[in-house]
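Examination of the molecular architecture
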Amino acid sequence: MINLLDISSRTVRALRREWILKRGGILSATFGMTYKCNLRCTTCGVWVRGETDTMTELTTAEILEAARQLAELKVPQVILVGSEPLLRRDSLDIIDGMRKLGLDVDVITNGTLFTERTSERVVKAGVRAITVSVDGVGKRHDEVRGQERAWERAMSGLERLSAVKKRLNSSRPRLALHATISRLNADQLEELSALQDSLNMDVSFQLASETSPEEVAASRLDGQVVAGEEFVSRDGSFLPTDEDVRRIRAFVSRPGIVRKHPTLAILATMSDDDIRHGRFPVHGCRVVEGEILIDPYGFVRPCSHLEAYDYGNVRDQTIEAIWTGVKRRKLVDKVRADMFPICDKCCQHGQNLSFAQKARMILTKGAG
């Protein structure tokens, strides 16, 4: 049965997003707080940069100055990511400062660092949402994350957050889990789905993003390679095998599963071949149109896939000047005319769907 109220609210959000894009505004800003991480995920190469990079990260004051400018530009939301954003010792002060500026703050984390004190700080600050990424259940998660007890610590962190929310009678933050589907966990989709019921929090899914060295090398602007190597697998492909595709298809086809996990609506519209190759239904890019990524060193980048290209640095220019600058305009014009070879592997493909695609997926959710 189609939930008309749900469809209406999603339609309003999609229309608001389109309106902000039409007027040239910034939909959201993501702060890559640090490349350092306390885990060693086999599917991620970002933590390697945290061990080898020698550049100086933005200071607390520099991050909050960038946040102040975003607030003045009426950007509604900032997202804090890492590697592991809470590994920065000033992360809680940064969150407090952003909230005082009136910004909604989301945090994407591995969930292992939520002590009682940290949990209380983020709840009192009014963080809007905390999403904990998971790669499996129990020991499978530990194996992918490259550390024993990673699962136990993440679940304990969520338990602490839930307890503090209850004690402080707070509706914030919204707690959720996010699972990236790959050949490492395609046999655990039912178990991951069951977490939504046992933990009483949403579980979202997306297919793994993986690019080839050839796609990276071919993604050029004015002869310069603009794609980064973050999504090039270091240890063989993690994309689904033929058997995994059958498992994914059976899972997504289960009655009611798309309604339970709306993010699966994207997978439900993809062909088996697209799932096998991690090729998403991206026909345009709304991320470069309306979002920015500020990396740990202050470089403003189009997205996490285009890590080799920057619009400028917040240490040298205002965000408004960077947003309206020539370098951003050149890249936006290029993507509008012809996307890069890596673009159909986009990890933010959910944000890049057209209004018509979103409408079809909302209806798919209602029917499923």
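Just above, that's the structure.
Attention in this report is confined to the structure presented alongside it.

Reading the values: the criteria
Residues numbered from 1 in each chain as written. Predicted model: local features only at pLDDT ≥ 70, side-chain atom pairs only at ≥ 80, totals over all residues. Heavy atoms only, no water. Helix = DSSP H or I, 4+ residues; strand = E, 2+ residues; numbered from the N terminus. Buried < 20%, exposed > 50% of the residue type's maximum accessible area, 1.4 Å probe, protein only. Contact = heavy atoms within 4.5 Å. Areas by Shrake-Rupley, 256 points an atom, 1.4 Å probe, with all protein chains shown as cover. Lys, Arg positive; Asp, Glu negative; His and termini not counted. Charge placed at Lys NZ, Arg CZ, Asp CG, Glu CD. Core = buried A, V, L, I, M, F, W, Y, C linked by side-chain atoms within 4.5 Å. Arc of directions from axis to C-beta. Axes fitted to C-alpha atoms, helices over the stretch in contact; angles between N-to-C directions. Parallel < 35°, antiparallel > 145°, perpendicular 65-115°, else oblique. Left-handed = near helix turned anticlockwise from the far one by under 90°. Salt bridge = Lys/Arg side-chain N within 4 Å of Asp/Glu carboxyl O. Phe/Tyr/Trp six-rings, centres within 6.5 Å; stacked < 30°, edge-to-face > 60°. Lys NZ or Arg CZ within 6 Å of the ring centre and 35° of its normal. Pairing = 2+ DSSP bridges. Nonpolar A, V, L, I, M, F, W, Y, C, P; charged D, E, K, R; others polar.

Time to look at the overall build of the protein chain. For the protein chain, the count of helices and strands is 17 helices and eleven strands. Seen along its three principal axes, the alpha-carbon backbone of the protein chain occupies a region of about 50 × 50 × 45 Å. By the burial criterion, 53% of the 368 residues in the protein chain qualify as buried. Considering only residue pairs separated by 6 or more positions, the protein chain has 73% of its internal contacts joining residues 24 or more positions apart. Of the accessible surface of the protein chain, which amounts to about 16700 Å², a share of 52% is contributed by carbon and sulfur atoms. Taken as two groups, the 54 positive and 50 negative side-chain charges of the protein chain have centres that lie 5 Å from each other.

Before going further, it helps to spend a moment on the nonpolar core. Core analysis: the largest hydrophobic core is formed by 83 residues, its most contacted members being F31 and M98. Examining the composition of this core, we find that six residues originate from one element, helix α7 (residues 150–167), more than from any other. Those residues in contact with F31 that lie beyond four places of it in its chain are I63, A66, A67, L70, V78, I79, L80, V81, M98 and I294. C37, L39, W47 and A150 belong to the second-largest nonpolar core, a separate cluster that totals five residues.

For the rest of this paragraph, the subject is helix α8 (residues 189–199). Among all positions of α8, only L189, L192, S193, L195 and Q196 are buried. Down the axis, α8 shows its buried residues gathered within 135 degrees of arc, on one side only. Along α8, exposed side chains directed more than 90 degrees from the buried face belong to D197 and S198.

Right, let's talk about the packing of helix α5 (residues 116–125) against α7 for a bit. Running from N to C, α5 and α7 cross one another at 50 degrees; their axes reach a closest spacing of 9 Å. The angle between α5 and α7 places the two elements in the oblique class. Note that α5 runs across α7; the crossing there is right-handed. Note on element contacts: α7 touches α5 through G157, R160, L161, V164, K165 and R167, opposite E116, S119, E120, V122 and V123.

It is worth spelling out the pattern of salt bridges at this point. Counting across every chain of the model gives 34 salt bridges. A salt bridge links E190 to R254; the nearest nitrogen and oxygen atoms lie 2.2 Å apart. Of this pair, E190 sits in helix α8 while R254 sits in the loop between α10 (242–252) and α11 (257–260); the two residues are 64 residues apart in sequence, bridging distant segments of the chain. A relative accessible area of 42% means that E190 is categorised as partly exposed.

The full count for this structure, using the stated rule, is three aromatic pairs. Ring geometry for Y35 against Y297: centres 5.7 Å apart, planes inclined by 65 degrees, an arrangement best described as edge-to-face. Highlighted residues: Y35 in the loop between β1 (28–32) and α2 (46–52) and Y297 in the loop between β9 (291–294) and β10 (299–301), separated in sequence by 262 residues. One Lys or Arg, K327, reaches over the ring of Y309 and ends 5.1 Å from the middle of that ring. When the ring centre of W323 is taken as origin, the NZ or CZ atom of R328, which lies over that ring, is 3.5 Å away.

Overall, mixed pairing links the nine strands, which are arranged β6-β5-β4-β3-β2-β1-β9-β10-β11 in an open sheet. Strands with a single pairing partner mark the edges of an open sheet, and in this sheet they are β6 (202–207) and β11 (312–313). Of the strands in this sheet, β4 (129–134), β5 (174–181) and β6 are in contact with α8, which crosses β6 at around 155 degrees.

Extensive coverage of β5 is indicated by the burial of six of its eight residues. Of the pairings in the sheet, the one linking β4 to β5 comprises six bridges and is parallel in character. Note on β5: the bridge partner recorded for A129 is R174. The pairing of β5 with β6 spans six bridges and is parallel. Looking across to β6, one finds that I181 is bridged to L207.

What follows is about the packing of helix α3 (residues 60–72) against helix α4 (residues 91–100). Packing of α3 against α4 brings their axes to within 10 Å, and their N-to-C directions diverge by 25 degrees. Taken together, α3 and α4 sit at an angle that is classed as roughly parallel. In this structure, α3 crosses over α4, and the sense of that crossing is right-handed. Listed contacts from α4 to T60, I63, L64 and A67 of α3 are I94, G97 and M98. A breakdown of the residues in the contact of α3 with α4 according to their chemical character gives five nonpolar, two polar and no charged.

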